[in-house]
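Listed here are the chains, written in short residue letters.
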Amino acid sequence: MKRRAMHPRIIRALSLLAFFSLLLVLFAFRLVHLQVFQHKEWALRSTKNHVSKRVLDMKRGNIYDRNGVELAISVDTWSVFIFTRELKSLPEAANLLSTVLPMTREEIISKAGDRSGYIPIYKDLAPNLAMKIQQLDIPGVNLESHYRRYYPQKRLAANLIGFTGTEKTGLEGLEMLFDKTLRGYPGLAVQEDISLSESGPAKMRVITPPMGGSNIHLTIDTFIQHTLESELAQLVKQYDPIDATAIVMDPNNGEILGLACFPSYDINNFGEAKPENRRNRSVTDIFEPGSCIKIFAVASAIENRKADHGTRFYCRGFAEINGRRVRCHGAHGLVDLDKAISESCNASMVQISQLIEPAQLYRTYKNFGFGEPTGIEVVTESNGIFKPPSRWSGFSATSLSIGQEMAVTGMQLVQAYSAIANGGTLLKPRLIRRISSPDSEIRQEFKREEVRKILPADTARWLRRMLMGVVEGGTGSQAALENYTVGGKTSTAQKANPKGGYFNEKVVVSFIGMAPALDPRIVLLVAVNEPKGDEKTLYGGKVTARPFANIADRILKYLKVAPDRSLTAAARERQLLQLQHSSEKKEIINLPNMLSSASSAKDLTTPAAKLATNEAVPNLQGKSLRQAMQLVKSLELKAVFEGNGVVIKQSPQPGKPLPESKILMITLSPEPEN
Ligand SMILES: [Zn+2]
């Protein structure tokens, strides 16, 4: 039988198979060769490729307060690496390193393991220890510098500043909002020699140097911030609230000088803080404002010519509107606009709200910024709640005039009050003053930003006087200062129950005001959410007015604001204020405490004192302010002083019968009149 010849196609297939088998064997050999026999060389080559390009760490910009105090900085730290290619002996290197690093020799050896390449051994080493390692000059031990974020003031302004994560990106607060500005650009370096030569240290050549980030200079003043935080801490200790906030704004340029929140946290240990403790509640959290809103309803009535100096309301302790009763804390009788504010009279507010068209009230509130974010430099800001008139009920205008059916942030209140303080202009509150380059050259400056003009200056002035009336004898008397005039408003707002109605026991109490009231330099809010304690004592005047006064006094003195309560300008203003107020005021002027402490008993028995029995006006001509004040007091008279220096004019004239009011008008001048 003839053997059948192999088919050519089979031959071709077999030869292909043989060829591929051979290739496979060759590959296998090559692989074994590379992985076993040439392992060291290739590992080295891969290591060299790995380190041939390196990213150089850039320095993140600093955050400073307005006076250059460091709030967030990048500090130099070092990392220790072992570069196996240059290492002579691991045990020997580990031995030496263990004399400096907080690690034992064994820990170092096990960290290095039996790996080869560039192995990290220790992170975040202080510069002085890095220097020691440098001096040891161990072959194969490399040091690399990088930056770590550090917050030298720890808790100070934490909710505002925020922090950066491990990747050096801002994760919260200003660190997040200004991440691009602060971050800078990393540099690039390559290894100079990429040949396989076994000798010589790995030299790096910088291709692009790293570029540091810009610095941010805040409007915050560390002293003021500290004052706010320590006063809040006292409040928290005393009343154990859910949260509390305090904000100070310069009403003339919109700069926020301090912004404090409770709860807070230590920024350096942000990982341990609950997210809710890190929130900047002064811009994220909203509350029903209560009585402090009344001034805006009054502003609306004045601006829309629905009420003026001659308007009177009547309060019998409550008012009824659309079948609902709004209670007042007392029957105030005949009430004008000033008294409606100073006594916080709800019945008058009900009547005022009925004089104004809904659209007018809406526009005024809107103009003051309610229902809109203020635009301050924060990551998250709430709009608050303020419905348009199309969604109002028959009771809404009344509710809104007493600060219900709406919700605001602390920052919105401060912005709105600042407009009253500065003569009627709504300003954007600002946290950033300027941005500077890494070598401290100014790159950008931020200026006063007007949102809109709301009121004529004289209306704003009148509103300021009303607020002054609150403190100079109204519901906010505990906010009064010895050396400065203060205008402001207390609020005790019951918290709305999500199921409808209001909680009796849950309140937000606040005091917002300005000082000096005649020419305000600061607007300050102190607000406390759900203070605990005896229900009867938890009202705004009690809880927050005193802290307001403590803070305002310290800040004004720190800012070197001249006292305005030296019975000159202040007295004149108070005279105007109280003349507007009907005859209910017991005194035109309260002589300040400085008199009672300065005068001695013998002053009261001077011959002039005997004039009192004559029922004639004493002669004050040529006397100094202090002499005149002492004399007036010793005679149990009252006086309105105007000017400085010595008395040049008085009314009534000396020797005339004492007026029934027992009030003297006295003008002083630096030079005696010829
Ligand atoms: Zn009333």
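Because the structure is a prediction, the values reported are computed rather than measured.

**Student:** Can you walk me through the overall build of the protein in this structure?
**Tutor:** Within the protein, the secondary structure is distributed over 24 helices and 24 strands. Of all intrachain contacts in the protein linking residues separated by at least 6 positions in sequence, the fraction that spans at least 24 positions is 71%.

**Student:** In this structure, what is going on with the packing of helix 12 (residues 294-303) against helix 14 (residues 346-355)? I would like to understand it.
**Tutor:** In contact at an axis separation of 9 Å, helix 12 and helix 14 are set at 40 degrees when each is read in the N-to-C sense. In terms of axis orientation, helix 12 runs oblique to helix 14. Along this stretch, helix 12 crosses helix 14, giving a crossing that reads as left-handed. On helix 14, the residues that touch Lys294, Ala297, Val298 and Ala301 of helix 12 are Met349, Ile352, Ser353 and Leu355. For the contact of helix 12 with helix 14, the residue count by class is six nonpolar, one polar and one charged.

**Student:** In this structure, what is going on with the sheet that holds strand 10 (residues 256-262)? I would like to understand it.
**Tutor:** Read across the open sheet, the five strands follow the order 10-9-21-20-19; overall the sheet is antiparallel. Both edges of this open sheet fall to strand 10 and strand 19 (487-496), since each of them pairs with a single strand only. Within the sheet, the average angular offset between the axes of one strand and its neighbour, ignoring direction, is 10 degrees. Inspection of the sheet shows strand 9 (residues 243-249) paired to strand 10 by six bridges, in the antiparallel sense. Pairing of Thr245 across the sheet is with Cys261, part of strand 10. Its contacts with the sheet put helix 18 (residues 457-471) on strand 19 and strand 20 (502-515), and the angle it makes with strand 19 is roughly 75 degrees. Most of the contacts of helix 20 (residues 545-558) go to strand 21 (residues 522-529), to which it runs at about 150 degrees, and overall it touches strand 9, strand 19, strand 20 and strand 21.

**Student:** Is there a simple way to think about the nonpolar core in this case?
**Tutor:** It is characteristic of soluble globular proteins that their nonpolar side chains tend to be buried jointly. If you look at the biggest cluster of nonpolar residues, it comprises 125 residues, and the most contacted ones within it are Ile161, Val298 and Ala552. Ranked by the residues each element gives to this core, the list is headed by helix 17 (residues 410-421), at eight residues. Excluding residues within four positions of it along the chain, Ala552 makes contact with Leu481, Val486, Ala515, Ile522 and Leu524.

**Student:** Help me understand the pairing of strand 24 (residues 663-669) in this model?
**Tutor:** On any regular strand, side chains alternate: one points to one face of the sheet, the next to the other face. Only one face of strand 24 is covered, namely the one carrying Leu664, Ile666 and Leu668; the face carrying Ile663, Met665, Thr667 and Ser669 has none of its residues buried. Both strand 23 (residues 646-651) and strand 24 contribute to a ladder of five bridges, which runs antiparallel. By the bridge assignment for strand 24, Val646 is matched with Ser669.

**Student:** Is there a simple way to think about the confidence of the model for the protein in this case?
**Tutor:** Predicted coordinates in areas of low pLDDT are best not read in detail. For the protein, the average pLDDT comes to 84, and 84% of its residues sit at 70 or higher. With pLDDT under 50 throughout, residues 194-201 is counted as low confidence; its partners more than four residues away or in other chains account for five contacts. Counting contacts from residues 579-614, a segment whose pLDDT is below 50, to residues more than four positions away or on other chains yields 42 contacts.

**Student:** What exactly am I supposed to notice about unusual backbone geometry here?
**Tutor:** Among all residues except glycine, the phi angle is most often negative; among peptide bonds, the trans geometry is most common. Look at the link from Phe262 to Pro263: it is a cis peptide, with omega at 0 degrees. Cis peptide bonds are those with omega within 30 degrees of zero, and the linkage from Ser651 to Pro652 qualifies with 0 degrees. Among the secondary structure elements, Pro652 is positioned in the loop between strand 23 and strand 24. Within the chain, Ser344 stands out as a residue other than glycine whose phi angle is a positive 50 degrees. Of note, Ser344 is situated in the loop between helix 13 (337-342) and helix 14. When the 28 C-beta atoms within 10 Å are taken as the criterion, Ser344 is described as buried.

**Student:** Would you mind showing me how to read helix 17 here?
**Tutor:** Counting along an α-helix, one turn takes 3.6 residues, and residues three or four places apart therefore face a common direction. With twelve residues, helix 17 ought to run about 16 Å at 1.5 Å a step, and its terminal C-alpha atoms sit 16 Å apart, in line with that. With twelve of twelve residues buried, helix 17 lies mostly within the body of the structure. For helix 17, the full list of buried residues reads Gly410, Met411, Gln412, Leu413, Val414, Gln415, Ala416, Tyr417, Ser418, Ala419, Ile420 and Ala421. Gly423 lies just past helix 17 and shows a positive phi near 100 degrees.

**Student:** Explain the pairing of strand 8 (residues 215-218) to me, please; I cannot follow it from the model alone.
**Tutor:** Neither face of strand 8 is exposed, since Asn215 and His217 on one face and Ile216 and Leu218 on the opposite face are all buried. Across two bridges, strand 2 (residues 63-64) lies against strand 8 in parallel orientation. Across the sheet, Tyr64 pairs through a bridge with His217, a residue of strand 8. Summarising the sheet, strand 8 and strand 16 (residues 432-436) pair through four bridges and their orientation is antiparallel.

**Student:** Mind showing me how you'd approach the environment of Asn483 here?
**Tutor:** The residue Asn483 is located in the loop between helix 18 and strand 19 in this model. Sequence separation between Asn483 and Pro516 is 33 residues, and the spatial gap between their C-alpha atoms is 9.0 Å. Once you skip the residues sitting within four places of it in the chain, Asn483 turns out to touch Pro563 and Arg565.

**Student:** So what exactly am I meant to see when it comes to helix 9 (residues 222-239) here?
**Tutor:** With 18 residues, helix 9 should cover 26 Å at 1.5 Å per step; its first-to-last C-alpha distance of 25 Å lies within 8% of that length. Of the surrounding elements, those touching the buried residues of helix 9 are strand 9, strand 10, strand 21 and helix 20. Asp240, located one to two residues past helix 9, shows a positive phi value of around 45 degrees.

**Student:** What am I meant to see in the packing of helix 12 against helix 15 (residues 358-367) here?
**Tutor:** A pair of packed helices can be characterised by two numbers: the angle between their axes and the separation between those axes. Contact geometry for helix 12 and helix 15: axes closest at 9 Å, N-to-C directions at 120 degrees. Judged by the inter-axis angle, helix 12 sits oblique to helix 15. Two packed elements cross with a definite hand, and for helix 12 against helix 15 that hand is right-handed. When helix 12 is examined against helix 15, the residues Phe296, Ala297, Ala299, Ser300 and Glu303 are found in contact with a partner set consisting of Gln360, Leu361, Thr364 and Tyr365. In terms of residue class, the contact of helix 12 with helix 15 is made up of five nonpolar, three polar and one charged.

**Student:** Explain the environment of Lys428 to me, please; I cannot follow it from the model alone.
**Tutor:** For Lys428, the location among the structural elements is in the loop between strand 15 (425-427) and strand 16. Each C-alpha atom, one on Lys428 and one on Gln412, is 10.0 Å from the other, the two residues being 16 residues apart in sequence.

**Student:** How should the environment of Ser145 be read in this particular structure?
**Tutor:** Tracing the chain through its elements places Ser145 in strand 5 (residues 141-150). Between the alpha carbons of Ser145 and Ser79 there is a distance of 6.4 Å; along the sequence they are 66 residues apart.

Rules used in this analysis
Residues numbered from 1 in each chain as written. Predicted model: local features only at pLDDT ≥ 70, side-chain atom pairs only at ≥ 80, totals over all residues. Helix = DSSP H or I, 4+ residues; strand = E, 2+ residues; numbered from the N terminus. Contact = placed C-beta atoms within 7 Å. Axes fitted to C-alpha atoms, helices over the stretch in contact; angles between N-to-C directions. Parallel < 35°, antiparallel > 145°, perpendicular 65-115°, else oblique. Left-handed = near helix turned anticlockwise from the far one by under 90°. Nonpolar A, V, L, I, M, F, W, Y, C, P; charged D, E, K, R; others polar. Pairing = 2+ DSSP bridges. Core = buried A, V, L, I, M, F, W, Y, C linked by C-beta atoms within 7 Å. Buried ≥ 20, exposed ≤ 12 C-beta atoms within 10 Å, placed from the backbone. pLDDT = per-residue confidence, 0-100. Expected span 1.5 Å × (residues − 1).

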